[in-house]
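Here is how the chains run, residue by residue.
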Amino acid sequence: MPDKKLDNDIAQFCTVTGASARDARKFLEAHKRLDIAIDAYYTNPNAFSNSGRRKGDSSAPSTSKLNQLFDQYKEPDGDEITVSGTIQLCEDLGVDPEDVVLLAVAYELKSPRMGEWTRQGWIDGWKSIGTDSIQGMKNALDRLRNQLASDPNYFQKVYNYTFDFARAEGLDDAKGFWSLLLPPALRGGALTHVPSRDGDDDVKMDNEEGWKEEYIQWWFDFLDQKGLKGISKDTWLMFLDFMRSTNSTFSNYDMEAAWPSTIDDFVEYAKGRLGSGA
């Protein structure tokens, strides 16, 4: 007798991860729950592709191959990949250097700065992802891009890591990173609205609408008007929770809560724009 729940979970698994139905079934049968199965897939998408694989098997990512690839892109007189090598790498991968997926790669490879990669981070990161070739990296980019847009937990990890790139720069750079990260996450589900709670701490089931994509520009306009030179770590990190928790009219925002003052001021600004029909 067909298992409709399993079929639905397989379809959703494939939509989120881009995996085949066969792989989806294996992960779901092993982990039982859809969310756990998806996390397991992103951790090791090849977990069931070679179940009999032994340690040292040639199908495992090769340290030697990764070292050879690193040497192709690193500086001639140094042992790190910098901007020029990154540009060439992007050409070989067929990806725009300003593609948001590179922030996910930076997180995975523990990049110290945008466009720079250490040998150890390169080897450990690509091994964890499960590839040692340019074609495999191209395939991994598709998975990472989809995961970044659809998985709230993964998005938060990459978002938090990105602050290490943004904090040394000015406001324009912070806005640039937000412009890359936020729209795909809003469309893909990683920034799904978390409904407010009632007095008994129960989630309200009122289908309230959350943050709208157009509010990103409102946020930028507000920051420009405020004349800020940069963004504090508290504001960067808590802005994500703010986006997820506030409703579309900001009526559930608690001014007495421990939000950064910049976010408090933005709520007043946004309510003013809503009231004026802007």
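The rules behind the values
- Residues numbered from 1 in each chain as written.
- Predicted model: local features only at pLDDT ≥ 70, side-chain atom pairs only at ≥ 80, totals over all residues.
- Heavy atoms only, no water.
- UniProt positions renumbered as here; feature names shortened; annotations may be inferred.
- Helix = DSSP H or I, 4+ residues; strand = E, 2+ residues; numbered from the N terminus.
- Buried < 20%, exposed > 50% of the residue type's maximum accessible area, 1.4 Å probe, protein only.
- Contact = heavy atoms within 4.5 Å.
- Areas by Shrake-Rupley, 256 points an atom, 1.4 Å probe, with all protein chains shown as cover.
- 1 Å grid on protein atoms, 1.4 Å probe; cavity = no way out; pocket = protein on both sides within 12 Å on 5 of 7 lines; lining within 4 Å.
- Points joined across faces, edges and corners; volume = space filled by probe spheres on them.
- Nonpolar A, V, L, I, M, F, W, Y, C, P; charged D, E, K, R; others polar.
- Core = buried A, V, L, I, M, F, W, Y, C linked by side-chain atoms within 4.5 Å.
- Domains from an automatic or database assignment.
- Expected span 1.5 Å × (residues − 1).
- Arc of directions from axis to C-beta.
- pLDDT = per-residue confidence, 0-100.
- Polar contact = N/O pair within 3.5 Å; in protein donor to acceptor, adjacent residues only side chain to side chain.
- Salt bridge = Lys/Arg side-chain N within 4 Å of Asp/Glu carboxyl O.

As annotated in an unreviewed UniProt entry, the protein carries the name Defective in cullin neddylation protein and is attributed to Gymnopilus dilepis. The protein has a UniProt comment under Function (unreviewed entry) that states "Neddylation of cullins play an essential role in the regulation of SCF-type complexes activity."

A. Highlighting the overall build of the protein. Of regular secondary structure, the protein possesses 13 helices and two strands. Looking at the 278 residues of the protein, the share that counts as buried comes to 43%. For the protein, contacts bridging at least 24 residues in sequence account for 65% of all contacts bridging at least 6. A total accessible area of about 14700 Å² is found for the protein, and carbon and sulfur atoms account for 47% of it.

B. The arrangement of empty space enclosed by the protein in detail. For the structure on display, the rule yields one cavity of 30 Å³ or more. Computed from the structure, the largest cavity encloses a volume of approximately 50 Å³. Lining the largest cavity are Leu89, Leu93, Leu102, Val105, Leu109, Trp117, Trp122 and Trp126. For the lining of the largest cavity, the secondary-structure elements that each account for two or more residues are α5 (83-93), α6 (101-108) and α7 (119-129). When grouped by side-chain class, the residues that make up the lining of the largest cavity number eight nonpolar, no polar and no charged.

C. Molecular detail of the nonpolar core. Ranked by size, the top nonpolar core spans 66 residues in total, and within it Trp122, Phe155, Trp178, Phe239, Phe242 and Phe266 carry the most contacts. When residues of this core are assigned to domains, at least three map to each of domain 2 (66-150) and domain 3 (161-195 + 209-277). For Trp178, the residues in contact, after removing those within four places along its chain, are Tyr159, Pro183, Trp219, Phe220, Leu223, Ile231, Trp236 and Phe239. Judged by nonpolar contacts, the second largest core, of 14 residues, contains Phe13, Ala24, Phe27 and Leu34.

D. Broad picture of helix α1 (residues 4-17). For α1, with 14 residues, the first-to-last C-alpha span of 20 Å sits near the 20 Å given by 1.5 Å per residue. Listing the buried residues of α1 in full gives Leu6, Asp9, Ile10, Phe13, Val16 and Thr17. All buried residues of α1 fall inside an arc of 135° around its axis, so they share one side. In α1, the exposed positions that point more than 90 degrees away from the buried face belong to Lys4, Asn8 and Thr15. Within two residues after α1, Gly18 carries a phi angle of roughly 80°, on the positive side.

E. Summary view of the confidence of the model for the protein. Chain-level statistics for the protein give a pLDDT mean of 86 and a share of 88% at 70 or above. Per-residue pLDDT stays below 50 along residues 50-58; that stretch engages in three contacts with residues further than four places along the chain or on separate chains. Throughout residues 199-203 the model reports pLDDT below 50, and contacts reaching past four residues in sequence, or to other chains, amount to five contacts.

F. Structural view of the side chain of Glu116. With respect to the helices, strands and loops of the structure, Glu116 is situated in the loop between α6 and β2 (117-118). The class of Glu116 is buried, set by a relative accessible area of 16%. There is a polar contact of 2.7 Å between the side chain of Glu116 and the side chain of Arg113. Glu116 has contacts with Glu80, Ile81, Thr82, Thr86 and Ser111, leaving out every residue within four places of it along the chain.

G. Structural view of the pattern of salt bridges. Evaluation of the coordinates by the stated rule reveals twelve salt bridges. Here Arg119 and Asp79 are joined by a salt bridge, their closest N and O atoms 2.6 Å apart. Placement of the pair is Arg119 in helix α7 and Asp79 in the loop between α4 (63-73) and β1 (80-81), with a sequence separation of 40 residues. The partner of Asp99 in a salt bridge is Arg145, with the nearest N and O atoms 2.9 Å apart. Here Arg145 lies in helix α8 (residues 134-150) and Asp99 lies in the loop between α5 and α6, a separation of 46 residues in the sequence. Linked by salt bridges that have partners in common, Asp71, Asp79 and Arg119 make up one network.

H. Representation of α4 in the model. Restricting attention to buried positions, one finds in α4 the residues Leu66, Leu69, Phe70 and Tyr73. Down the axis of α4, the smallest arc covering the buried residues is 100°, so these residues share one side. In this structure, the buried residues of α4 make contact with β1, α5, β2, α7 and α8. The backbone nitrogen of Ser64 lies 3.2 Å from a side-chain oxygen of the residue at the head of α4, namely Ser62.

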